[in-house]
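# Per-entry structural report
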Amino acid sequence: MAIDMKSIIAETFVGLVKQKGIDKVTVTALIDACHISRQTFYYHFQDLMDVINWSAQKLMQDILARSIEKETPEEALHIFISSILEERELIRRLLDSQRRPELEHLFFLTARSFFEEILKVKNPDISINYADFEVALDFWSFGITGIIFRNLDKKQVNAEKLAQQICRFVRSRR
């Protein structure tokens, strides 16, 4: 069986971030923890932000695949919210760093990509012009990432109820 070195590096990075926080994780610490050479790391990733970006994309692909299977927008949004909140410890650690602006932007772009794909798959015949579609994607992405960031520190968040509330709000604005 082939070794998926990118996944190993990314999983080790996540573990180090959860332990130390992102500002204390270096490429040297990561390659030592993975027992790989610097050359192996740079073969797979450009830098630590590339590891974060790759990990976020992989997580979103998984969430998207599970969300597309759902019948209703509420169910798809519930999958998105609950999956992100399952990673709250990691997200808090990432946001509690000097790289917060970069990471917020990455989170926004990842969420935006998710919503764009969901809309394309679930509503292929959507009748909205391109400019309005772009604004709607930005609105959803900023709004939902903001709501998620606001709920990161709460011990209990009912993701299903939150998804229903968001969908009710959107429907009431039509």
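Residues numbered from 1 in each chain as written. Predicted model: local features only at pLDDT ≥ 70, side-chain atom pairs only at ≥ 80, totals over all residues. Heavy atoms only, no water.

Going by an unreviewed UniProt entry, the protein chain carries the name TetR/AcrR family transcriptional regulator C-terminal domain-containing protein and comes from Candidatus Egerieimonas intestinavium.

For the protein chain, the count of helices and strands is nine helices and zero strands. Traced from its N-terminal end to its C-terminal end, the protein chain shows the element sequence α-α-α-α-α-α-α-α-α. Oriented by its inertia axes, the alpha-carbon framework of the protein chain measures out at about 55 × 35 × 30 Å. Residues counted as buried form 40% of the 174 residues belonging to the protein chain. Taking as baseline every contact in the protein chain between residues at least 6 positions apart, the subset at least 24 positions apart corresponds to 69%. Approximately 10700 Å² of the protein chain is accessible, and the part contributed by carbon and sulfur atoms is 52%. (Helix = DSSP H or I, 4+ residues; strand = E, 2+ residues; numbered from the N terminus. Buried < 20%, exposed > 50% of the residue type's maximum accessible area, 1.4 Å probe, protein only. Contact = heavy atoms within 4.5 Å. Areas by Shrake-Rupley, 256 points an atom, 1.4 Å probe, with all protein chains shown as cover.)

On to the nonpolar core, then. Ranked by internal contacts, the top residues of the largest apolar core, which has 51 residues, are Ile9, Phe13, Phe41, Leu77, Phe80, Ile81 and Ile148. With eight residues, helix 4 (residues 48–68) is the largest single contributor of residues to this core. (Core = buried A, V, L, I, M, F, W, Y, C linked by side-chain atoms within 4.5 Å.)

What follows deals with the pattern of salt bridges. Going through the model one piece at a time under the given rule, you end up with six salt bridges. For Lys120, the salt bridge is made with Glu116, and the minimal N-O distance between the two is 3.4 Å. You can see Lys120 and its partner Glu116 sitting in helix 7 (residues 100–122), four residues apart, about one turn around the helix. (Salt bridge = Lys/Arg side-chain N within 4 Å of Asp/Glu carboxyl O.)

One full turn of an α-helix is made of 3.6 residues, so residues set three or four places apart face in the same direction. Over its 14 residues, helix 5 (residues 73–86) extends 20 Å from the first C-alpha to the last, a length consistent with the 20 Å expected when each residue adds 1.5 Å. Of all 14 residues in helix 5, 10 are buried, a share of seventy percent or more. Within helix 5, the full set of buried residues consists of Glu74, Ala76, Leu77, Ile79, Phe80, Ile81, Ser82, Ser83, Ile84 and Leu85. (Expected span 1.5 Å × (residues − 1).)

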